[in-house]
Amino acid sequence: MIRKHSATLHGHRTSFSLEDEFWLELKAIAAQRRISLASLIAEIDDQRSPESNLSSALRLHVLKWLKTPRR
């Protein structure tokens, strides 16, 4: 199921839609990196291309994270 989420990025509220599975993986990534979920989302937002929307950038980040071997 796709759900709408909100976050404050650089002092501005924004919303994005994500499937529950991606949301859970983002939370797990933040926990593994020992950073807040808001910090992770802001980091991804800062790194995304201007043509990309935040929802897509978040999904791509999760995919890249899961495909990258961890030690």
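In this report, the structure presented in the accompanying data block is examined. What you see is a predicted model; the values in this text were computed from it and never measured.

Take the pattern of salt bridges next. Scanning the entire structure with this criterion turns up 4 salt bridges. Across the pair Glu43 and Arg33 runs a salt bridge whose closest N-O atoms are separated by 2.7 Å. With Glu43 in helix H2 (residues 37-47) and Arg33 in helix H1 (residues 20-33), this residue pair connects regions lying 10 residues apart in the sequence. Classification of Arg33 by relative accessible area gives partly exposed; the value is 30%. In this structure, the salt-bridge partner of Arg48 is Asp45, at a minimum N-O distance of 2.6 Å. Take Arg48: its relative accessible area is 29%, and that puts it in the partly exposed class.

The geometry of H1 relative to H2 is characterised by a closest axis approach of 9 Å and an angle of 105 degrees between their N-to-C directions. If you check the angle between H1 and H2, you find them roughly perpendicular. Taken together, the residues of H2 that come into contact with H1 (itself represented by Trp23, Leu26, Lys27, Ile29, Ala30 and Arg33) are Leu37, Leu40, Ile41, Glu43 and Ile44. Its residues assigned to classes, the contact of H1 with H2 shows 8 nonpolar, no polar and 3 charged.

So, how was this worked out
Numbering of residues starts from 1 in each chain and follows the order in which that chain's sequence is written. With the structure being a predicted model, the display of local features is reserved for residues of pLDDT at least 70 and the display and counting of side-chain atom pairs for 80 or more, all residues being used for whole-chain, interface and lining totals. Excluded from the side-chain calculation are hydrogens and water; included are all heavy atoms of the structure. Here a salt bridge means any side-chain nitrogen of Lys or Arg lying within 4 Å of a carboxyl oxygen belonging to Asp or Glu. Put simply, DSSP H or I for four residues or longer makes a helix, DSSP E for two residues or longer makes a strand, and each gets a number counted from the N terminus. Each residue is placed in one exposure class: buried if its accessible area under a 1.4 Å probe, protein chains only, is under 20% of its type's maximum, exposed if it is over 50%, and partly exposed if it falls in between. Between N-to-C directions, angles span 0 to 180 degrees; the directions come from axes that are lines fitted to C-alpha atoms, helices contributing only their stretch in contact. Between 65 and 115 degrees an angle is taken as roughly perpendicular, under 35 as roughly parallel, over 145 as roughly antiparallel, and anywhere else as oblique. Contact between two residues is taken to exist if any of their heavy atoms lie within 4.5 Å; hydrogens are not considered. Each residue is assigned to one of three groups, with Ala, Val, Leu, Ile, Met, Phe, Trp, Tyr, Cys and Pro labelled nonpolar, Asp, Glu, Lys and Arg labelled charged, and all others, Gly among them, labelled polar.

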